[in-house]
Amino acid sequence: MEAGSLTPRATVRGGRSIHERSPRSRAIDPLLKWFLSGLAALILVLIAFFFIRLFIEAKPAFDKFGYLGFVFDNSWVPSQTLYGALPLVVGTVITSAIALLIGVPVAIATALYITELAPNRVRAPLTITVELLAAVPSVVYGLWGIAVLAPKLQPAEQWFSDTFSFLPLVGGQVSIPNYFIAGLILAIMIVPIVSAISREVMSTVPSDHKEAALALGATRWEMIKMAVLPYSRAGISGAAMLGLGRAIGETIAVTIVIGNAADIGNTIFSQGYTLAAVIANEFGEAASDPIHRAALIAAGLVLFVLTLIVNAIARYYVNRASRPASVPKGMAG
Amino acid sequence: MTAVARKGLRPVSGRRRRSDLIARSVVLLFTLVAIVPLVAILYWLLKEGLGAWSTSFFTTDPTGRFLGDPGGIRSAILGTILMVALASVIAVPIGVGVALYLVEYGKQSRFANTVRYFVDVMTGVPSVVFGLFVYIVLVVTKVAGTFAAWKGSVALALLMLPVVVRSAEVVLNLVPNSLREAALALGAPRWKVIVKIVLPTALPGIVTGSLLAIARAAGETAPLLFTAAFVLGSSADLSQRMNSLPLQIFNDVGQAQDRLVQRAWGAALTLVVGVLLLTLIARLIQRRSKLAP
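Each chain has its residues counted from 1, following the order in which its sequence is written. The naming scheme follows written order: chains are lettered A onward, ligands numbered 1 onward. In keeping with the predicted nature of the model, local features appear solely for residues at pLDDT of at least 70, side-chain atom pairs appear and are counted solely at 80 or more, and the whole-chain, interface and lining totals rest on all residues. Heavy atoms throughout the structure, all of them, feed into the side-chain values; hydrogens and water do not.

Engineer: Tell me about the overall build of chain A, and please be specific about residues and values.
Structural biologist: Secondary structure is summarised from DSSP: a helix means a run of H or I of at least four residues, a strand means a run of E of at least two, and numbering begins at the N terminus for each. Regarding its fold elements, chain A presents twelve helices and two strands. For chain A, the succession of helices and strands along the chain, N to C, is α-α-α-β-β-α-α-α-α-α-α-α-α-α. Taking 2.2 N^0.38 as the reference for a compact globule, 333 residues should give roughly 20 Å; the C-alpha atoms of chain A span a radius of gyration of 28 Å, well beyond that estimate. For chain A, the spread of C-alpha atoms along the three principal axes comes to 105 × 70 × 40 Å. In this scheme, a residue with accessible area under 20% of its type's maximum is buried, one over 50% is exposed, and one in between is partly exposed, where area comes from a 1.4 Å probe on protein chains only. For chain A, buried positions account for 51% of its 333 residues. Surface exposure here means Shrake-Rupley accessible area, sampled with a 1.4 Å probe, where a residue is shielded only by the protein chains that are shown. Of the roughly 15600 Å² that chain A leaves accessible, carbon and sulfur atoms contribute 64%. Each charge sign in chain A was given a centre, from 24 positive and 19 negative side chains, and these centres are 12 Å apart. Here the globule rule reads 2.2 Å times residues to the power 0.38, and the radius of gyration is calculated from C-alpha atoms. By the counting scheme adopted, Arg and Lys are positive, Glu and Asp are negative, and His together with the chain ends is not counted. In plain terms, the charge of a residue is placed at NZ if it is Lys, CZ if Arg, CG if Asp and CD if Glu.

Engineer: I'd like a description of the overall build of chain B, backed by residues and values.
Structural biologist: Check the secondary structure of chain B and you find twelve helices and zero strands. When the helices and strands of chain B are placed in sequence order, the string is α-α-α-α-α-α-α-α-α-α-α-α. On C-alpha atoms alone, chain B measures out to a radius of gyration of 26 Å, which is more than a quarter above the 19 Å that the 2.2 N^0.38 rule sets for 293 residues. Counting only C-alpha atoms, chain B reaches 90 × 65 × 35 Å along its principal axes. With 293 residues in all, chain B has 51% of them scored as buried. Contacts between residues were defined by any pair of non-hydrogen atoms, one from each residue, lying within 4.5 Å. Within chain B, residue pairs in contact and separated by at least 24 positions form 71% of the contacts whose partners lie at least 6 positions apart. For chain B, the computed accessible surface area is about 13600 Å², with 67% contributed by carbon and sulfur atoms. Of note, chain B has its 29 positive side-chain charges centred 14 Å away from the centre of its 12 negative side-chain charges.

Engineer: Residues and numbers for a nonpolar patch on the surface, please.
Structural biologist: All names here are of chain A. Every patch collects residues that have over 30% relative accessible area and no salt bridge, joining them within 9 Å if they carry like charges and within 5 Å if they are nonpolar side chains (Val, Leu, Ile, Met, Phe, Trp, Tyr). Salt bridge, as applied in this entry: a Lys or Arg side-chain nitrogen positioned within 4 Å of an Asp or Glu carboxyl oxygen. On the surface, F51, I52, I56, V305, L308, I309 and I313 cluster together into a nonpolar patch covering about 550 Å² of accessible area. It is helix α12 (residues 290-322) that contributes the most residues to the nonpolar patch, four residues altogether. Note that I52 resides in helix α2 (residues 23-65). For I52, a relative accessible area of 47% corresponds to the partly exposed category.

Engineer: Help me get a handle on the interface of chain A and chain B, residues and values and all.
Structural biologist: Interfaces are often described in size by the accessible area the parts lose on coming together. With 74 residues of chain A at the contact, the number on the chain B side is 75 residues. Of the roughly 6600 Å² buried between chain A and chain B on both sides combined, carbon and sulfur atoms contribute 82%. Linking chain A with chain B are three salt bridges. Here B:D120 ties to A:R315 by a salt bridge, and the two come within 3.6 Å at their closest N and O atoms. Pairs of N or O atoms within 3.5 Å make up the polar contacts considered here, provided that, within protein, one atom can donate a hydrogen while the other can accept it, and that residues adjacent in sequence are counted only when both atoms are side-chain atoms. Connecting chain A to chain B are five residue pairs in polar contact (both at pLDDT 80 or more). Here the side of chain A that touches chain B gets 19 residues from one element, more than from any other, and that element is α2(A). The nonpolar class holds Ala, Val, Leu, Ile, Met, Phe, Trp, Tyr, Cys and Pro. Asp, Glu, Lys and Arg form the charged class, and all remaining residues, Gly among them, are polar. Each residue belonging to the side of chain A that touches chain B can be placed in one class, and the counts come to 50 nonpolar, 13 polar and eleven charged. Here the buried area means the combined drop in accessible surface, using a 1.4 Å probe, for two parts upon being joined, counting both sides.

Engineer: Got a sec to walk through the environment of A:D73? Specific residues and values, please.
Structural biologist: All names here are of chain A. By secondary structure assignment, the location of D73 is in the loop between α3 (67-72) and β1 (76-77). Residue classification places D73 among the partly exposed positions, given a relative accessible area of 40%. Each C-alpha atom, one on D73 and one on L86, is 5.4 Å from the other, the two residues being 13 residues apart in sequence. Excluding its chain neighbours within four sequence positions, the residues that come into contact with D73 are L68, G84, A85, L86 and P87.

Engineer: Any details on helix α7 (residues 149-174) of chain B? Residues and values, ideally.
Structural biologist: Given a helix with a known number of residues, its expected span is that number minus one, times 1.5 Å. Compared with an ideal rise of 1.5 Å per residue, which puts 26 residues at 38 Å, α7(B) spans 37 Å between its outermost C-alpha atoms and is within 8% of the ideal. The term bend refers to the angle at a residue between two fitted axes, each drawn through seven residues, those ending there and those starting there. Its maximal kink placed at B:M160, α7(B) deviates by approximately 35°, while the proline B:P162 follows within four residues.

Engineer: Lay out the side chain of B:N243 in plain terms, naming residues and giving numbers.
Structural biologist: Residue and element names in this part refer to chain B. Along the chain, N243 turns up in the loop between α10 (222-225) and α11 (245-253). Only 3.0 Å separates the side chain of N243 from the side chain of S75, close enough to count as a polar contact. Polar side-chain contacts of N243 include one of 2.8 Å to the side chain of Q248. Every residue in contact with N243, bar those within four places of it in the chain, is listed here: P62, S75, A76, G79, T80, M83, F230, V231, L232 and Q248.

Engineer: Account for the environment of B:Q248, with residues named and values stated.
Structural biologist: Residues and elements named next belong to chain B. Inspection of the secondary structure assignment puts Q248 in helix α11. Residues Q248 and R283 lie 35 residues apart in sequence; the distance between their C-alpha atoms is 28 Å. Excluding residues that lie within four positions of it along the chain, Q248 makes contacts with P62, I73, A76, F230, N243 and R263.

Engineer: Can you lay out the packing of aromatic side chains for me, pointing to particular residues and giving the numbers?
Structural biologist: Think of it this way: a Phe, Tyr or Trp ring, Trp meaning its six-membered ring, pairs with another when their centres are within 6.5 Å, and the plane angle makes it stacked under 30 degrees, edge-to-face over 60, tilted otherwise. Enumeration over the complete set of coordinates arrives at 23 aromatic pairs over all chains. Note on A:F49 and B:F133: the rings are 5.9 Å apart at their centroids and 80° apart in plane angle, and the pair reads as edge-to-face. Separated into two different chains, A:F49 in helix α2 and B:F133 in helix α6 (residues 127-140) make up a pair that spans both. Residue classification places B:F133 among the buried residues on the basis of a relative accessible area of 4%. Among the aromatic residues, those joined into a ring-pair cluster are A:F49, A:F50, A:F51, A:F304, B:F130 and B:F133. Counting as a charge over the ring demands two things of the Lys NZ or Arg CZ atom: a distance within 6 Å of the ring centre and an angle within 35 degrees of the ring normal. Cation over ring: B:R190 sits above B:Y105, and NZ or CZ is 5.8 Å from the ring centre.

Engineer: Break down the environment of A:G265 for me, citing the residues and quoting the values.
Structural biologist: Residues and elements named next belong to chain A. Of note, G265 is situated in the loop between α10 (252-257) and α11 (275-286). Each C-alpha atom of the pair G265 and L275 lies 15 Å from the other, and the pair is ten residues apart in sequence. Aside from chain neighbours lying at most four places away, what touches G265 is Y179, S270 and Q271.

Engineer: Which residues make up unusual backbone geometry, and what values do they have?
Structural biologist: Residues other than glycine predominantly adopt negative phi, and peptide bonds predominantly adopt the trans conformation. If you check the backbone angles, A:N260 has positive phi at about 55° while not being a glycine. Even without glycine at this site, B:K107 takes up a positive phi of about 50°. Counting through the fold element by element, B:K107 comes out in the loop between α4 (74-106) and α5 (110-124).

Engineer: Quick one: what's the story with the nonpolar core, residue by residue and with numbers?
Structural biologist: A:F70, A:W76, A:V140, A:Y141, A:W144, A:I185 and B:I249 are the most contacted members of the largest nonpolar core, which has 180 residues in total. Residues contacting A:I185, with those up to four places away along its chain left out, are A:Y141, A:W144, A:G145, A:L149, A:A253 and A:V257. Core analysis: the second largest hydrophobic core is formed by 22 residues, A:L117, A:I224, A:Y231 and B:V27 among them. As used in this record, nonpolar core signifies buried Ala, Val, Leu, Ile, Met, Phe, Trp, Tyr and Cys residues forming a set joined through side-chain atoms within 4.5 Å.

Right, dumping it as structure tokens:
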């Protein structure tokens, strides 16, 4: 009957109720919270430190050649301490462009086939196969590229070069390591990521839209053209940009197959260089030469900023695609 | 009205049917094109790589001699295993910790979203830049000597960290809130909920994500180039230079000798088999777990 019997005033040492937690147990909670927050903050500190250190170490090169001078001077001659990164920037642009031109259509087609056209039985094995391409290390792509692909493709490239020499950037003697081979290897390397993200985006296309198109008498392809592609355009652009980010930063495979010549080649079948390749290739000689080292770190910084911009754009598109708000008014629901 | 009804459904015109057929064939063709490189690479890896494999290939160190026996890849295999193991020991706990913060405490706060954004930024940083960073911070400044295996592990860990965080975050988010609430209602403190409920439930998914990150790190060359450097002999001393499979391959590819390129194929096959095994194990664990991301 008494309230006291329902809530016995049992206490442990220190006079606190047994319903209360011990001070030690209570102390762990904020500790864990602060510890985990600290780990998260560590990431921010790390990235800030990362950027600042790279910048400080690259500063001598920027001071000597100027920011624009470093990026746009066409003379990379370490023996004369000339460091203008234009040949590297051009190489990065050409190889990434080739990679996108070849890789993105193939990746989108693969994604379309898997999500819209493939028989159910084929879907899972095909997905796994494409993903396996991502598991192959880049040095293995380089090995295969230089030992198998480049020599085997050389005759075909030479034929193409002779036949279509009226096209810009085509013609002349084909060297075995060249921009095109590097771009082709990069294309193979970006297919899995572009395809995976495109697939994800395409699977969010509402089946209402697709069924509506089919019900109106559209063929499969017309359904893809009218319902799937317009809906997932932003996501596919984002996927392509993420692929571009990969292509720009890829180092070892490109270093092996591009020939490492610090001049801007006349055609896509000439030897070249990229920002990433120069770092991997010349860092050994640069160890004893502070200005050479600073130039390589500056190249790394340019590369870093480039990938940062490309990835930011990519994220913008992918986020826009994954948000349901991206559905045009009147089409939603 | 009546005219339409009388006509009924018009069959698809020949032109439309043809364009449908052509487009679908092109899509199928491109899909096949995507698979060709994988088949070709696997074919050449097996053809050239198996030829290089032998017992002595796995049990001897590379000799570095230009003539005579080039040696095997023992030091490279040991080095890769050691450095990747150390990198995982660094990256996995930190990565899971950050993910726990994001899911259990940070949620959608501004700080948590900033961290998420920068983890994404880290994912996009080229691996060569991570190598360069560790080179600047730890090698040039001569922290405990110049090139060292543990510095290579740090570079690999930086590379793995964002992958671990993102995958762990996805899995932790899949842990049903009802489980957390049930534990909290029974009077469990927050930390106990995390340690006894959330982590065990999410464990298979976290292991899968970590294994995939490890598989990715094992194949990386660029970060090791400037940090662990290349060396012939095998040792377990993490404060010294250490060989690794990717670096061994990279070194051998550049040689003009067929025997060395042959060794590169053998090492490449070893590396690919290892990476694929890790990927396979990761996928099997994922399939077993109920919380498949």
